[in-house]
Amino acid sequence: MSELPADLTVADRADLGRFELRRGDELLAFADYTVHDDVVVMPHTVTLPAHRGEGNAARVVSFALGEIRRSGRRVDPQCWFVAQYVADHPEFHDLRAG
């Protein structure tokens, strides 16, 4: 995915077990996760209703997968959106666990 617009930020909120996409203080989307050894399980992705249809789920998932790659882990995409994102983006196929 291309770079984020300047007004958006994505962060790993390990304390909450999720990656978050924000515009300032406003939460736009998030992707939940848990870590099991070297596998990051991603069971759920949410875009807040006012921000659907803007590509925000894809932005947060792309960031999350990049962070998973940097950590040397693999992903178990239990969320349908994450699974479809990985399937649609060959650059992330190698991250899929088992």
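A brief report on the enclosed structure follows. Treat the numbers as computed from the prediction; the structure is a model and nothing was measured.

1. Regarding the overall build of the protein chain
Thinking step 1. When helices and strands are tallied, the protein chain shows two helices and five strands.
Thinking step 2. Listing the helices and strands of the protein chain from first to last along the sequence gives β-β-β-β-α-β-α.
Thinking step 3. The C-alpha radius of gyration computed for the protein chain amounts to 13 Å, which stays within 12% of the reference 13 Å derived for 98 residues, consistent with globular compactness.
Thinking step 4. Taking the principal axes of its C-alpha atoms as reference, the protein chain extends roughly 35 × 30 × 20 Å.
Thinking step 5. Counting every position in the protein chain, which comprises 98 residues, the buried fraction comes to 42%.
Thinking step 6. Looking at the protein chain alone, contacts between residues at least 24 apart form 41% of all its contacts between residues at least 6 apart.
Thinking step 7. By element, 51% of the accessible surface of the protein chain is carried by carbon and sulfur atoms, the whole surface being about 5500 Å².

2. A closer look at the pairing of strand 1 (residues 8-13)
Thinking step 1. As defined by bridge partners, strand 1 adjoins strand 2 (residues 18-23) across six bridges and the pair is classed as antiparallel. When the bridges of strand 2 are listed, A11 appears paired with E20.
Thinking step 2. Counting the residues that bridge the hairpin from strand 1 to strand 2 gives four residues, and of these G17 lies at a positive phi of roughly 70 degrees.

3. Points about the nonpolar core
What tends to happen in soluble globular proteins is that the nonpolar side chains get buried as a cluster.
Thinking step 1. One finds L21, M42, V60 and L65 to be the most contacted residues of the largest nonpolar core, which totals 23 residues.
Thinking step 2. When residues of this core are traced back to their parent elements, those giving at least two are strand 1, strand 2, strand 3 (26-36), strand 4 (39-47), helix 1 (56-71) and helix 2 (80-88).
Thinking step 3. At six residues, helix 1 tops the list of elements feeding residues into this core.
Thinking step 4. Those residues in contact with L21 that sit more than four places away from it in its chain are L4, L8, T9, V10, E26, L27, L28, A29, N56, R59 and V60.

4. Here we look at the sheet that holds strand 3
Thinking step 1. With mixed pairing, the five strands of this open sheet are ordered in space as 1-2-3-4-5. Strands with a single pairing partner mark the edges of an open sheet, and in this sheet they are strand 1 and strand 5 (74-77). Across the sheet, the mean angle from the axis of one strand to that of its neighbour is 25 degrees, orientation sign disregarded.
Thinking step 2. Of the pairings in the sheet, the one linking strand 4 to strand 5 comprises four bridges and is parallel in character. From the neighbouring strand, V39 faces strand 5, where its bridge partner is R74.

Basis of the calculations
- Residues numbered from 1 in each chain as written.
- Predicted model: local features only at pLDDT ≥ 70, side-chain atom pairs only at ≥ 80, totals over all residues.
- Heavy atoms only, no water.
- Helix = DSSP H or I, 4+ residues; strand = E, 2+ residues; numbered from the N terminus.
- Rg over C-alpha atoms; globule rule 2.2 N^0.38 Å.
- Buried < 20%, exposed > 50% of the residue type's maximum accessible area, 1.4 Å probe, protein only.
- Contact = heavy atoms within 4.5 Å.
- Areas by Shrake-Rupley, 256 points an atom, 1.4 Å probe, with all protein chains shown as cover.
- Pairing = 2+ DSSP bridges.
- Core = buried A, V, L, I, M, F, W, Y, C linked by side-chain atoms within 4.5 Å.
- Axes fitted to C-alpha atoms, helices over the stretch in contact; angles between N-to-C directions.

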